[in-house]
Amino acid sequence: MFNVNYTRRNFLKAAGLTVAFLAGREYIYASNESSRKPNVILVLTDDQGYEDLSCHGNPVVKTPNIDKLRSESVRLTNFHVSPTCSPTRASLMTGRYCNRTGVWHTIMGRSLLRKDEITMADVFAANGYNTSIFGKWHLGDNYPFRAQDRGFDKTLVHKGGGVGQGNDYWGNDYFDDTYFRNGHPEKFEGYCTDIWFDEAMEFIESNKDRPFFCYLPTNAAHGPYHVPEKYSKPYKDKGINSPTAEFYGMITNIDDNMGRLTDKLDKLGLSENTILIFMTDNGADPAGRSEDNFNTGMHGWKGSEYDGGHRVPFFIRWPTGHIEGSRDIGRITAHIDVLPTLIELCSLEPADIDFDGSSLVPLLKGETRNWPNRIIITDSQRVNHPIKWRKSATMTDKWRLVNGKELYDINKDLKQKNNIADKHPDVVRRLRGEYEKWWDDVSKRFDEYCRIIIGSENENPTCLMTHDIHGQVVWNQNQVRQAARADGFWAIEVERDGTYEFELRRWPKEIDKPISVVLDKNEDEPYSGRITATDARLTIADFDVTKPVMDKATSVKFNVPLKAGKTNVQAWFVNGLGDGRTYGAYYVYAKRL
């Protein structure tokens, strides 16, 4: 499978045309022809479960704008995603099971979307749409995995899996942060979710006269639970404790922004010809709650193989004459269906993609008589190498086979308390057989690494962070402050022969502190940890060299001659005077000289 040829596509865009090289086939579209196609806005919130909406029966959280959108939409009430962040995003972007795309974790180099996968943005861009993302990408922060490498014309994102994680700009905390616009850091004022929606609405207005695809994946309501006090205080005044009050406040802030977005569409006269989707990326984060409260009768939270971990809200609105709203569809559906559905709804020229999902247009149009009885599978691996049956659910409209052993009739046992596997051995046998076929199919490339490319004109230098090492991961800034131990390797590909500089750092360049420094508490750093390093060591290909760490040094540099090709790189700081402890170098800047 071939990816989109971005250079040629961008060249023809300048002439008012768009080209896609999809699986070796070239399509060209005049911009004026594409202008009649509907716009698409896809809002994906983070860690907000099925139950975290007042329209779904939550008696505490207030979401009047999303409730209104629900009332105008077709609701997929049996819609499933992956139990965690990156896997859902991989399936949503490709229409394919995340496991086959290289994404089955949120860290450890297993959140990087294979470079040969064609994305939703690729398809829309190839059909003459302006494409954009505002918020959380979480499918790779280095070339060729970044959003701007995967079909998005305009990108504004934080890095990693959340604001303040290790890949992200140092010190980001949801307020007045520095985010990355098409790869370049830019300082903003305000709260993160407000910024994503502000920028999205500016993009929408600037593209009101041509078709656009706007992907708006918020980092909220993912922890840490930071939100302006005006949103958390009303919940605290009702006796809701932290962090639940902040979590609900984040959701209410999202709701306010959804209201601003729909008002903007109305004001611009775009509502009638815009497909607006609201969904969430996995089951709810507990955020201090017990499962007995506000979980709509489902079992499990985020990360779980039970329905509470992966059954989420999905609302789709395309007004008068397109999709008749204000109705529910209860057939089993999933994230892998979204891209095939949008291709058909928007009359796009499709890529030659072997989808795992199906277009839901017949269901959306009420044509249910010939709809097949489907089997959909989801799992939560969160390991370096996938394990068969691990935290898996094999699902039909009626049945849930969990971990290959437990069987539940979901229509009678939403809480999944009554395992009836022994009463229906034929069902267990059939569903196990379907899982076996699925596993044999999706596991064909499990032994491949998604390799970060260094030395490319698209990104030079490249900042490698231990969020993406294969091994013992340090993935957030608090761990860096605490001097947590990291040990593992980055899987890389050297694009061309040359001499490369590798700069090993404990702290990222934007703060430029000495390797051994303990950050002062008055710098608003909640944690501190000292690295006592006498030496720095780098291994790559057949290069294995140790250098001394000078007093107050902020980094140690190595120049390495490399041949083009695939290899692994590992870097440490070593305490040669004391206990011999090694610390993985959290940040390694690789530059082709």
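Basis of the calculations
- Note that residues are indexed from 1 along each chain, following the sequence as it is written.
- Residue-level local features of this predicted model are given only where pLDDT is at least 70; pairs of side-chain atoms are given and counted only at 80 or more, and the full residue set underlies all totals for whole chains, interfaces and linings.
- Each side-chain value is derived from all of the structure's non-hydrogen atoms; neither hydrogens nor water enter the calculation.
- Any Phe, Tyr or Trp ring, taking Trp's six-membered ring, that has another such ring centre within 6.5 Å forms a pair; planes under 30 degrees apart are called stacked, those over 60 apart edge-to-face, and the others tilted.
- What counts as a helix is a DSSP run of H or I of at least four residues, what counts as a strand is a run of E of at least two, and both are numbered from the N terminus.
- For every residue, the accessible area (1.4 Å probe, protein chains only) is compared with the maximum for its type, and the residue is labelled buried under 20%, exposed over 50%, or partly exposed between those bounds.
- With a 1 Å grid spanning the protein atoms alone, the term cavity applies to any set of points in which a 1.4 Å probe fits but cannot get out, the term pocket to an open set with protein on both sides within 12 Å along at least five of seven lines, and the term lining residue to any residue with an atom within 4 Å of a point.
- Grid points are joined across faces, edges and corners, and a volume is the space filled by probe spheres set on the points.
- Residue polarity follows a fixed list, in which Ala, Val, Leu, Ile, Met, Phe, Trp, Tyr, Cys and Pro are nonpolar, Asp, Glu, Lys and Arg are charged, and the others, Gly among them, are polar.
- Pairing between two strands is assigned when DSSP locates at least 2 bridges connecting them.
- Note on geometry: axes are C-alpha line fits, over the in-contact stretch for helices, and angles between N-to-C directions span 0 to 180 degrees.
- Working note: the arc is built from the helix axis to C-beta atom directions.
- A contact between two residues is defined here by any heavy atoms of the two lying within 4.5 Å.
- Should an angle lie under 35 degrees it is considered roughly parallel, over 145 roughly antiparallel, and from 65 to 115 roughly perpendicular; all remaining angles are considered oblique.
- Crossing handedness is defined as follows: a turn of the near helix away from the far one that is anticlockwise and smaller than a right angle gives a left-handed crossing, while the clockwise case is right-handed.
- By convention a nonpolar core is built from buried Ala, Val, Leu, Ile, Met, Phe, Trp, Tyr and Cys residues, the set being connected through side-chain atoms within 4.5 Å.

> Before we go on, may I ask you to explain the packing of aromatic side chains in this structure?
Here a ring pair, both rings aromatic, is described through the centre-centre distance and the interplanar angle of the planes. Under the criterion given, the structure shown has 28 aromatic pairs. Measuring from ring centre to ring centre gives 4.5 Å for Phe79 and Phe314, while their planes differ by 35°; the resulting arrangement is tilted. You can see Phe79 sitting in strand β5 (residues 79-80) and its partner Phe314 sitting in strand β12 (residues 314-317), a full 235 residues away along the chain. For the residue pair Phe79 and Phe314, the accessibility class agrees, reading buried in each case. When the ring of Trp389 is compared with that of Tyr435, the centres are 3.9 Å apart and the planes differ by 15°; the resulting orientation is stacked. Of this pair, Trp389 sits in the loop between β15 (376-379) and β16 (392-395) while Tyr435 sits in helix α12 (residues 425-442); the two residues are 46 residues apart in sequence, bridging distant segments of the chain. We classify Trp389 as buried; its relative accessible area is 15%. A connected cluster of aromatic rings, assembled from ring pairs, spans Tyr97, Trp104, Trp389, Tyr435, Trp438, Trp439 and Phe446.

> I'm lost on empty space enclosed by the protein in this one. Help?
Over the atoms rolls a probe the size of a water molecule, and its path tells where empty space is left. This model, assessed by the stated rule, comprises four cavities of 30 Å³ or more. Lining the largest cavity, in full, are Trp137, Gly140, Asp141, Arg146, Ala147, Gln148, Thr155, Val157, Lys159, Phe180 and Gly183. Partitioned by chemical class, the residues of the lining of the largest cavity number four nonpolar, four polar and three charged. In this structure, the second largest cavity spans a volume of roughly 60 Å³. Looking at the second largest cavity, the residues that line it are Leu76, Ile277, Phe314, Ile316, Val338, Thr341, Leu342, Leu360 and Leu364. Among the secondary structure elements, those contributing two or more residues to the lining of the second largest cavity are β12 and α10 (338-345). The biggest single contributor to the lining of the second largest cavity is α10, with three residues. Across the lining of the second largest cavity, the residue classes break down as eight nonpolar, one polar and no charged.

> When you look at the sheet that holds strand β9 (residues 184-187) in this model, what are you seeing that I'm missing?
The strands that make up a sheet are held in pairs by hydrogen bonds between backbone atoms, and each pair lies either parallel or antiparallel. Pairing is mixed across the open sheet formed by 10 strands, whose spatial order is β9-β8-β7-β6-β10-β3-β11-β12-β4-β13. Where the open sheet ends on each side, the last strands, each with one partner, are β9 and β13 (327-329). Adjacent strand axes in the sheet meet at a mean angle of 20° when their direction is disregarded. Judged from the four bridges that link them, strand β8 (residues 178-181) and β9 form a sheet pairing that is antiparallel.

> Where do I start with helix α3 (residues 64-72) in this structure?
Structural remark: α-helix, 3.6 residues per turn; residues separated by three or four positions point the same way. Turning to α3, its buried residues number three or more, namely Ile66, Leu69 and Arg70. Looking down the long axis of α3, one finds its buried residues gathered within 105° of arc, a one-sided arrangement. Elements in contact with the buried residues of α3: β4 (74-76), α8 (244-268), β11 (274-280), β12 and β13.

> For this particular structure, what's the right way to read the sheet that holds strand β17 (residues 399-402)?
Strand order across the open sheet formed by four strands is β15-β16-β17-β18, with antiparallel pairing between neighbours. If you trace the sheet from one side to the other, it starts and ends with β15 and β18 (406-409), each paired once. Strand-to-strand twist across the sheet, computed as the mean angle between neighbouring axes with direction ignored, equals 20°. With four bridges connecting them, β15 and β16 associate as antiparallel partners.

> Where do I start with the packing of helix α7 (residues 229-236) against α8 in this structure?
A pair of packed helices is captured by two measures, namely the crossing angle of their axes and the spacing between those axes. Axis separation between α7 and α8 bottoms out at 8 Å; the angle between their running directions is 125°. With respect to α8, the axis of α7 lies oblique. As for the relative orientation of α7 and α8, their crossing is right-handed in sense. Side by side, α7 and α8 meet where Tyr231, Ser232, Tyr235 and Lys236 of the first sit next to Ala245, Glu246, Tyr248, Gly249, Thr252, Asn253 and Asp256 of the second. A per-class count over the contact of α7 with α8 returns four nonpolar, four polar and three charged.

> Explain the nonpolar core to me, please; I cannot follow it from the model alone.
Soluble, globular proteins show a tendency: their nonpolar side chains are buried together. Core analysis: the largest hydrophobic core is formed by 51 residues, its most contacted members being Phe213 and Tyr215. At five residues, α10 tops the list of elements feeding residues into this core. Sequence-distant contacts of Tyr215, defined by excluding residues within four places in its chain, comprise Leu42, Leu44, Arg89, Leu92, Met93, Ser132, Ile133, Phe134, Trp137 and Phe152. Phe145, Ile454, Leu562 and Val588 belong to the second-largest nonpolar core, a separate cluster that totals 46 residues.

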